[in-house]
Amino acid sequence: MALDVPYRSLPDMFLKRVAASPDRQAFAHPAPDDSGPVWLTWEQVGHRAKAVAAGLHELGVGQEDPVAILANTRIEWVIVDFGIMCAGGATTTVYPTTEPEDATYIIADSGSVVLFAENPTQAAKVAGASLPALTHVVLLDGQADPDAAVPQLTLAELEQRGARLLATEPGLVERLVEGIGPEHLATLIYTSGTTGRPKGVELLHGGWCWEGVAQAEAGLLRDDDLQYLWLPLSHSFGKTLLCGATHVGLPTYVDGRVDRLVDLLGVIRPTLMCGAPRVFEKVYNKTVTTARGGGGAKAKIFGWGVRVGQEKTALEQAGRPVPAALRLKYAVAEKLVFSKLQARLGGRIRVLVSGAAPLSKEIATFFAAANLPISEGYGLTETSAGNFVNPPDGLRIGTVGRPLGDLECRIDTDGEILLRGRPVMRGYHNLPEETAAAFTDDGFFRTGDIGTLDDDGYLRITDRKKDLVKTSGGKYVAPSHIEGMFKALCPYTSQAIVVGQARNYCTMLVSLDPDALAGWAAGGPLEGRPYAEIVASDEVRAMVEGYVAELNAKLNRWETIKKVAVLPRDLTIEDGEMTPSLKIKRRSVESNFAAEIEKMYAGTLAEL
């Protein structure tokens, strides 16, 4: 049955939300002195967004005109995004760590007419570039440069100009919004890609409105929830959460400072948080290494509690009743072991959602055992991010859940997942041939992922079609499955990357979590030493190789890891090894650490 979406466009949804609950809390941001959250009501957000919209209209922004945002996740990002769409424009997102060359390319290729830059440093990325469509740069922070080649003004000045226009034309924004339909362009998000130039994904208002309604229908969002939104709003995962929050009227704390996330969870105390697996892996690493570091009785109690939780979770996953005796033991385990982890996440979590990359089944089981079940989901930038998710009341660990709304899914003859429905992109911007290649003849989008559907509609992802490794012996290996197993075995891991394409055996690159590693080194000869020195030590190599041996015991012969290299640093977005949504860019990693890889294959016939 078709999903009923009662909106023509995202700004239509937004204005209806403002009218329906003007005095309710909408979005919060950290106070200037970091003393806590500062809340804005829907009416306050609406007032500012309308002023931005009117200001952009005065600058000449018309229907479907691209307007770029180059900034971190912050409250102004949200207000400006709503303002762009209320003016009829299409938000073009640029991640703040994007290099000047790529930032310039995105703004040029999109044809953006206005750029919202976080500060003069971000604005400088495009200074001097040939951008004939760009008419103005608006700064969220800092002072406008009166001598800039492209005229600059501050966000405050833009809002003031918009407010003056609205004083003479009070119905301007509503009139603009009436002309926007589900078929109009809402967003241009450029995929980071693994090679070549990023591609602009054209996403429509109808798809984003569908996302907001579908998330609520799945039970993920409620109006009595409190969301902690830290994800990059320049990425589709963050954007789709804004859609859901607007449809439901869900209060949302917005703070993109990832380094403060774990500390602030105890202050904000959300009931809902979505994130990439790396966030949950870091919490897992911290919890396990702290418990083991305590030694003695504490470590034994922790191990007992985890086993009890896993036993309970296994029965629940199998659809079998939990005996009264086990329920009693679990109550003790929750009080002695898991309550500390629950408190670290704020003590009120109702739903955790993981997406953007595969979540290890073992880590998912650990969180479920701690009564913090993670609803793993699945989607792509090209399909508005939210496509499948595990319902909170029907979690199946190891799957990414059931399709949202009326999304159609089909598994192709080679195992590729195909999707069709309203959240699927219109196409790649200015790339008709690549757009045509991305769809089947009957309109299904080719995801590039391999998976299976069970009888109840739950989807299991096997691997990225292009990431499957084929050894020189002709055997296929699924890297993400092996990497996830290793992360669960070794709580000191930050990242693990399996290598083996056209080689005669598999190897692995491993980076270690600095915080967990410091705890591991405490009390020993390596305590207090620099990270690079610790990871280069014989002790660390022996520790990692011990976990690799455990891993190999669980793998098929052709999958086993013959050699491992511990990297001198962690992977970063800045070095091009991860996307903004924390996915690994395998080709970049293999290029940056080619010397370490070649050393593991030295003296072999791996290249033949």
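Scroll up to find the structure.
Residues numbered from 1 in each chain as written. Predicted model: local features only at pLDDT ≥ 70, side-chain atom pairs only at ≥ 80, totals over all residues. Heavy atoms only, no water.

A. Broad picture of the overall build of the protein chain. Per the secondary structure count, the protein chain includes 21 helices and 26 strands. For 608 residues, the compact-globule estimate of 2.2 N^0.38 gives 25 Å, and the protein chain sits close to it at 25 Å. Overall, the C-alpha framework of the protein chain stretches about 75 × 60 × 55 Å when taken along its three principal axes. Excluding contacts between residues fewer than 6 apart, the proportion of contacts in the protein chain whose partners are at least 24 apart in sequence is 65%. Total accessible area on the protein chain stands at roughly 25000 Å², and carbon and sulfur atoms take up 52% of it. (Helix = DSSP H or I, 4+ residues; strand = E, 2+ residues; numbered from the N terminus. Rg over C-alpha atoms; globule rule 2.2 N^0.38 Å. Contact = heavy atoms within 4.5 Å. Areas by Shrake-Rupley, 256 points an atom, 1.4 Å probe, with all protein chains shown as cover.)

B. Representation of the sheet that holds strand 2 (residues 37–41) in the model. Spatially, 2-1-11-10-12-13-14-15-16 is the arrangement adopted by the nine strands of the open sheet, whose pairing is mixed. In this open sheet, the two strands that pair with only one neighbour each are strand 2 and strand 16 (402–403). One ladder, built from five bridges, connects strand 1 (residues 25–30) with strand 2; its direction is antiparallel. In the sheet register, glutamine 25 faces strand 2, and the bridge partner there is threonine 41. Strands in contact with helix 9 (residues 236–248) are strand 1, strand 10 (227–229), strand 11 (252–254) and strand 12 (272–275); relative to strand 10, the strand with the most contacts, it is inclined by about 150°. (Pairing = 2+ DSSP bridges. Axes fitted to C-alpha atoms, helices over the stretch in contact; angles between N-to-C directions.)

C. Structural view of empty space enclosed by the protein. One pass over the structure, following the stated rule, counts three cavities of 30 Å³ or more. By volume, the largest cavity is sized at about 40 Å³. As for the largest cavity, its lining consists of Leu261, Val262, Leu265, Met273, Val279, Phe280, Val283, Leu345 and Phe367. When residues of the lining of the largest cavity are traced back to their parent elements, those giving at least two are helix 10 (261–268) and helix 11 (277–294). Each residue belonging to the lining of the largest cavity can be placed in one class, and the counts come to nine nonpolar, no polar and no charged. (1 Å grid on protein atoms, 1.4 Å probe; cavity = no way out; pocket = protein on both sides within 12 Å on 5 of 7 lines; lining within 4 Å. Points joined across faces, edges and corners; volume = space filled by probe spheres on them. Nonpolar A, V, L, I, M, F, W, Y, C, P; charged D, E, K, R; others polar.)

D. Region of interest: the layout of surface pockets. Reported here for the second largest pocket is a volume of approximately 810 Å³. Along its surface, the second largest pocket is lined by 33 residues, and Val258, Asp259, Arg278, Ile573 and Leu582 are the ones closest to its centre. Looking at the lining of the second largest pocket, the elements with two or more residues in it are helix 10, helix 11, strand 24 (493–499) and helix 17 (514–521). Broken down by element, the lining of the second largest pocket gets its largest block of residues, four residues, from helix 11.

E. Summary view of the pattern of salt bridges. Across all of its chains, the model carries 34 salt bridges by this definition. Measuring nitrogen to oxygen at the nearest pair gives 2.7 Å for the salt bridge that ties lysine 50 to glutamate 174. Of this pair, lysine 50 sits in helix 2 (residues 42–58) while glutamate 174 sits in helix 7 (residues 172–178), placing them 124 residues apart in sequence. Of the residues examined, glutamate 174 reaches a relative accessible area of 29% and is grouped as partly exposed. Between glutamate 64 and arginine 426 there is a salt bridge whose closest N-O contact spans 3.7 Å. In this pair, glutamate 64 sits in the loop between helix 2 and strand 3 (66–70) while arginine 426 sits in the loop between strand 18 (416–420) and strand 19 (427–428), placing the two residues 362 residues apart along the sequence. Under the relative-accessibility criterion, glutamate 64 is labelled partly exposed at 26%. Each member of the salt-bridge network shares a partner with another, and the members are Arg278, Glu281, Lys282, Lys487 and Asp513. (Salt bridge = Lys/Arg side-chain N within 4 Å of Asp/Glu carboxyl O. Buried < 20%, exposed > 50% of the residue type's maximum accessible area, 1.4 Å probe, protein only.)

F. The arrangement of the pairing of strand 9 (residues 199–204) in detail. Among the six residues of strand 9, five are classified as buried, and the element is accordingly described as predominantly covered. As paired strands, strand 8 (residues 185–191) and strand 9 are joined by six bridges and run antiparallel to one another. Of the residues in strand 9, the one forming a bridge with isoleucine 189 is valine 201.

G. Fine view of unusual backbone geometry. Phi at aspartate 34 takes a positive value of approximately 60°, unusual for a residue other than glycine. For aspartate 34, the position within the fold is in the loop between strand 1 and strand 2. For alanine 385, which is not a glycine, the phi torsion comes out positive at approximately 75°. Here alanine 385 lies in the loop between strand 14 (374–378) and strand 15 (388–389). The exposure class of alanine 385 is buried, given its relative accessible area of 14%.

H. A look at helix 21 (residues 594–601). Within helix 21 the residues assigned to the buried category are Ile597, Met600 and Tyr601. Angular distribution of buried residues about the axis of helix 21 spans 95°; they occupy a single face of the element. Projecting away from the buried face of helix 21 at angles above 90 degrees are the exposed residues Ala595 and Lys599. Turning to helix 21, the residues buried within the fold contact strand 24, strand 25 (506–512), strand 26 (561–566) and helix 20 (586–592). (Arc of directions from axis to C-beta.)

I. Seen up close, the sheet that holds strand 8. Judged by pairing direction, the sheet is mixed, and its eight strands sit side by side in the order 7-6-5-3-4-8-9-19 without closing on themselves. The open sheet terminates on both sides in strands that have one partner only, identified here as strand 7 (152–154) and strand 19. In this structure, strand 3 lies alongside strand 4 (residues 90–94), joined through five bridges in parallel fashion. Within strand 4, the residue paired with alanine 68 across the bridge is threonine 92. On top of the sheet, helix 4 (residues 100–110) reaches strand 3, strand 4, strand 5 (114–117) and strand 8; it is set at about 165° to strand 4, its chief contact.

J. Structural view of the nonpolar core. Phe27, Leu56, Phe116 and Phe367 are the most contacted members of the largest nonpolar core, which has 132 residues in total. With nine residues, helix 3 (residues 75–86) is the largest single contributor of residues to this core. Sequence-distant contacts of phenylalanine 27, that is, excluding residues within four places in its chain, are made with Val38, Trp39, Leu40, Trp42, Val45, Ile75, Val78, Phe82, Leu242, Thr252 and Val254. Of all hydrophobic cores here, the second largest spans 30 residues; its members include Leu517, Leu526, Leu555 and Val564. (Core = buried A, V, L, I, M, F, W, Y, C linked by side-chain atoms within 4.5 Å.)

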